[in-house]
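# Examining the three-dimensional arrangement
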Amino acid sequence: MKRIKLKITALSPLAIAAKKPGSVSEAEDHIPGSVIRGAIASQILQLSNQQTPRIAEQNLTADGGDFEALFLGDEPAIFQNAYPAVAKIPDESNPNKSKPDLISRVVDDEILVLPATTVSSKTDPGFKPKNGVFDTLIDRFCADAFNYPYDPSDPESLKENADARVEPYSGFYSCKDGKYRSHSNSTRFLTRVGINRQRATSQDDILYSIEVLNESFQETPQGQNWPHVVYRSEILVKDAELAKYLVDFLNDNSRIFHLGGATSRGLGKVKITAKIEDALTDVEARITEFNKQLKKRWELWSVFGEPENKLLDNRTYFILDLQADAILTENWRRTTVISPNILCEFVGLNEEFAKLNDGEEKDDFIKIEVAYSSYNYRSGWNSAWGLMKDIELVTTRGSVYLFSTNKQNEKKWTDKLKDLELNGVGDRTSEGFGQIQICNEFHNVFRENAV
């Protein structure tokens with residue numbers, strides 16, 4: 001499998017609608033994979049129409065060639081969400097400041113979603129030089145096992161005798177040389193006048209507002225430089241030759257793409273550049289490191305005595321972290337929890353799992369220890385059909401699922417999880433839903449080492 005890394009530079013405001021309450025259209029904080037997929041497919045058809053007129057009216061699922069393989073085949077390309085590459089970095093130009101100001105920079109590092117178990121100070125949240133961010137999954141798991149309450153506090157606030165309460169902290173982040181940076185983008189509202197369809201003129205008392213993602217950002221608080229906002233995404237393609245053709249097409253036509261709505265009014269103009277590499281993962285190393293940290297933390301909690309159950313004996317633990325919203329279904333119904341049955345179906349072990357007896361045998365094979373998840377609703381507009389998409393109940397990004405398995409099955413599960421991390425979970429994975437990471441390394445950031 002090949003990984004195509006996309007760099008999407010916004011040349012005009014992006015109207016990526018999330019919700020439309022009343023006359024105001026709210027914007028997403030990222031570019032969904034479905035938007036990128038639709039824009040690329042549309043341009044391929046438009047350029048192909050010059051050579052083959054009315055190509056869009058043909059049945060491309062039967063004999064669509066490369067287009068069918070990319071978008072309509074049994075194993076189509078996976079277009080992942082694009083997240084903002086603008087990071088908040090401490091300004092070290094003035095070493096006399098105890099807490100340096102934050103400046104914005106475009107970075108090349110991998111952009112990830114913070115887990116739902118992450119917390120930060122209620123009064124001064126954020127990565128250092130603010131009060132710092134840490135994860136609570138391992139400590140909560142150990143506290144439950146030892147029958148102790150777990151109520152974390154902010155260590156920096158305790159030093160200053162301030163309010164030490166913490167609250168969930170979410171968003172995008174990246175890490176380089178052990179330094180963590182938060183990522184975000186800004187928005188603004190564009191107000192427009194409604195048009196009278198009969199007279200083709202402006203209509204009295206009719207106004208509507210569109211929230212758009214800004215095309216540029218302030219590098220410094222003084223606002224002297226305003227570079228273009230950059231988003232980073234990936235496309236996963238199984239056919240190496242097809243992936244090369246797609247990269248050549250994107251680079252040769254980098255400025256013809258428009259993303260989002262209101263493109264006829266000048267919005268959505270972007271530049272897309274691509275580069276190709278092998279799709280490799282380090283799942284095995286992350287699982288090993290997580291179990292190592294879990295064992296160390298378990299030994300620290302053992303000062304409170306012996307737990308009721310020795311949960312770590314002959315068990316290997318791993319986590320599924322959602323890096324994008326996921327559409328999960330169990331027994332024909334929407335759900336927000338990845339149960340052992342669903343997980344075995346995703347990795348192709350459902351027949352082996354079904355043969356096991358309920359209870360200890362199934363728990364020994366795979367068991368869900370804890371889940372932190374929430375839900376939302378997603379819809380959209382299908383330009384090809386000219387229709388609204390179905391409203392889907394989705395499990396929100398950042399959701400965390402902790403599983404354990406018998407050590408004898410560790411190799412089997414590790415091999416399956418490598419493929420699962422690339423392919424994603426749930427429905428409509430080719431549109432960016434269901435991106436996951438196995439054992440996000442942020443779970444190894446503890447309270448005393450908040451970053």
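Read on for a plain summary of the structure. Keep in mind the model is a prediction, meaning the values are calculated, not measured. (Residues numbered from 1 in each chain as written. Predicted model: local features only at pLDDT ≥ 70, side-chain atom pairs only at ≥ 80, totals over all residues. Heavy atoms only, no water.)

### Let's talk about the layout of surface pockets
Spelled out, the test is: Within this scheme a cavity is a closed region of a 1 Å grid, computed over the protein atoms alone, that accommodates a 1.4 Å probe without allowing it to escape, whereas a pocket is open but has protein on both sides within 12 Å along at least five of seven lines; lining residues each have an atom within 4 Å of a point. Grid points are joined across faces, edges and corners, and a volume is the space filled by probe spheres set on the points. Think of it this way: any DSSP run of H or I at least four residues long counts as a helix, any run of E at least two long counts as a strand, and we number them from the N terminus. Polarity classes work like this: nonpolar for Ala, Val, Leu, Ile, Met, Phe, Trp, Tyr, Cys and Pro, charged for Asp, Glu, Lys and Arg, and polar for all others, with Gly in that last group.
Its boundaries defined by the atoms lining it, the second largest pocket holds a volume of some 990 Å³. In terms of lining, the second largest pocket is formed by 37 residues, of which the most central are K5, E110, I111, L112 and E234. Within the residue set of the lining of the second largest pocket, elements represented by two or more residues are β1 (2-10), β12 (172-176), β16 (230-237), β17 (270-278), α11 (410-423) and β27 (436-438). Residues belonging to the lining of the second largest pocket are distributed by class as follows: 13 nonpolar, 10 polar and 14 charged.

### So, helix α8 (residues 340-347)
This is how it is decided: Only protein chains enter the accessibility calculation, which uses a 1.4 Å probe; a residue whose area is less than 20% of its type maximum is buried, one above 50% is exposed, and one in between is partly exposed.
Those residues of α8 that fall on the buried side of the exposure criterion are P340, I342, L343, C344 and V347. At the C-terminal side of α8, G348 shows a positive phi close to 80°.

### Structural notes on the pairing of β16
Threshold: Pairing between strands is defined by DSSP: at least two bridges between the two strands are required.
Most of β16 is tucked away, with eight of its eight residues classed as buried. Burial along β16 is two-sided: V230, R232, E234 and L236 and Y231, S233, I235 and V237, pointing in opposite directions, are all buried. In this sheet, β16 lies alongside β1 in antiparallel orientation, the contact comprising eight bridges. Looking at β16, one finds that K2 is bridged to V237.

### Focus on the pattern of salt bridges
What counts is decided by this rule: The salt bridge criterion pairs a side-chain nitrogen of Lys or Arg with a carboxyl oxygen of Asp or Glu, the two atoms within 4 Å.
For the structure on display, the rule yields 30 salt bridges. Here E215 and R188 are joined by a salt bridge, their closest N and O atoms 3.1 Å apart. Taken as a pair, E215 in the loop between β15 (201-213) and β16 and R188 in strand β14 (residues 187-196) lie far apart in primary sequence, 27 residues in all. For E215, a relative accessible area of 18% puts it in the buried group. Across the pair E448 and R297 runs a salt bridge whose closest N-O atoms are separated by 2.6 Å. Placement of E448 in the segment after β27 and of R297 in helix α7 (residues 283-301) is noted, with a sequence separation of 151 residues between them. By relative accessible area, E448 is classed as partly exposed at 47%.

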